[in-house]
Protein chains: 2
Amino acid sequence: MKQYQSKVFEEAVDAFARLPGIGRRTALRMVLAVLKRPAEDAERFGQAVIRLRKEIGYCVKCHNISDQSTCGICADTRRDASLVCVVEDIRDVIAIENTGQYRGLFHVLGGIINPMEGISPSQLNVQSLVDKVAAGRVKEVIMALPATMEGDTTVYYLFKKLRELGVRFSVIARGIAIGGELEYADEVTLGRSIVNRTPYDHPLVK
Amino acid sequence: MKQYQSKVFEEAVDAFARLPGIGRRTALRMVLAVLKRPAEDAERFGQAVIRLRKEIGYCVKCHNISDQSTCGICADTRRDASLVCVVEDIRDVIAIENTGQYRGLFHVLGGIINPMEGISPSQLNVQSLVDKVAAGRVKEVIMALPATMEGDTTVYYLFKKLRELGVRFSVIARGIAIGGELEYADEVTLGRSIVNRTPYDHPLVK
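Residues numbered from 1 in each chain as written. Chains lettered and ligands numbered in written order. Predicted model: local features only at pLDDT ≥ 70, side-chain atom pairs only at ≥ 80, totals over all residues.

Observations regarding the environment of H63(B)
Residues and elements named next belong to chain B.
Here's step 1: Topologically, H63 is positioned in the loop between β1 (57-58) and β2 (65-66).
Here's step 2: Between the C-alpha atom of H63 and that of G46, which follows or precedes it by 17 residues, the distance is 26 Å.
Here's step 3: With residues near it in sequence (within four places) discarded, H63 still touches Y58, V108, G110 and N125. (Helix = DSSP H or I, 4+ residues; strand = E, 2+ residues; numbered from the N terminus. Contact = placed C-beta atoms within 7 Å.)

Let's talk about the relation of the copies chain A and chain B
Here's step 1: Once turned by 180 degrees and shifted 0.0 Å along the axis, chain A lies on chain B with an RMSD of 0.0 Å. Seen this way, the second copy is the image of the first under a two-fold rotation axis. When C-alpha positions in chain A are compared against the rotation axis, the closest is assigned to G46(A), at 1.9 Å.
Here's step 2: Most of the interface of chain A is mirrored in chain B: 100% of its interface residues are interface residues there too. (Least-squares fit on C-alpha atoms with pLDDT ≥ 70 in both.)

Description of the sheet that holds strand β5 (residues 140-144) of chain B
Residue and element names in this part refer to chain B.
Here's step 1: Reading across from one edge, β4-β3-β5-β6 is the order of the four strands in this open sheet, with parallel pairing throughout. Unpaired on one side and paired on the other, β4 (104-108) and β6 (168-171) mark the two borders of the sheet. Neighbour-to-neighbour, the strand axes of the sheet open up by a mean angle of 25 degrees, direction not taken into account.
Here's step 2: Relative to β6, β5 runs parallel, the two being bridged by four bridges. Among the inter-strand pairings, E140 is bridged to a residue of β6, identified as R168. (Pairing = 2+ DSSP bridges. Axes fitted to C-alpha atoms, helices over the stretch in contact; angles between N-to-C directions.)

Examining the nonpolar core
Here's step 1: Core analysis: the biggest nonpolar cluster contains 89 residues, and A12(A), V49(A), V86(A), A12(B), V49(B) and V86(B) have the highest contact counts within it.
Here's step 2: Excluding residues within four positions of it along the chain, V86(B) makes contact with H107(B), L109(B), L129(B), V141(B), I142(B), M143(B), A144(B), L145(B) and L158(B). (Core = buried A, V, L, I, M, F, W, Y, C linked by C-beta atoms within 7 Å. Buried ≥ 20, exposed ≤ 12 C-beta atoms within 10 Å, placed from the backbone.)

Here it is, written out as structure tokens:
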């Protein structure tokens, strides 16, 4: 407050500095950028933040963000409701949607099991997944979680929860990226890409 | 709009992505962070941005940011009004104020001369500096501009503008940082630090 000679200025710097990965120096740069632009821009920015938190909720079915009670993906009857892809958060939904390769539904866990950070299954959207599978319409659950210890723990936890329900349980393929050089790949990924090799498939070969 | 299934969400991502140095991926991360926090936080953030642009103006004397017509520094009668430190922008005022070593006033140019980016002297707060010096109360003008070609050009331009007004004209010292190792210093800085050496001064030596 004293530092910048203005309470309003200080509050704005504080607000930006609370964003993830933003220190006070970067926050200051952002505040100065807002000050340099037309007043309508700042008004629109401020309103966008306020409306965001007020109007955006979560889909009651898949926990994706949505401004309706059911998100656009769950509401789309052309999608395959027998397929459910389980992801950590909304960013993963966006990433998978952007591939254009997936026509099933999603289930957003809202995190992964992480004892070090105190995140237990009870804090995640696990029960609604179990209920969804138990309802009987889902044929396959695809795990698209990070390839970390926490991700693997979560996959194993969900596997134990879901296996008695008789649903197919799969994980997304791990391997060398398309265009990736073998010599730069890490050993674990390269090793797994050999173990999980897939049959050669070419449109001209029968 | 289509990509995120929600116009409100998309608008918020757009707003963050317009900040300096923020791409769409980081903007998305920020929006999700805002969504995870309490609604009051988002409300306060939004209001802070709106109020910032509405209530903050510039000091009529030095062009520093201020919520009054005259900023706290210019209004402080204990400060030495015969000294004016010329800086590029408000961040420099904050940096110099934080040293606690300067008791004069400031003059914020609002940029430096940069023909490549089309910034000419007419877009900077030059005339108000000339008027201030011409008024006769200022004894010394200290240039605290970046040590770049653009900074040097601006210093030279202002020197030509101000020299006939009979004011002392100085630039901040350039040299090896305190605690800096000589072997890691660049040659230009090291060279200038030798040319601009200062007489040895020790409290126990007369």
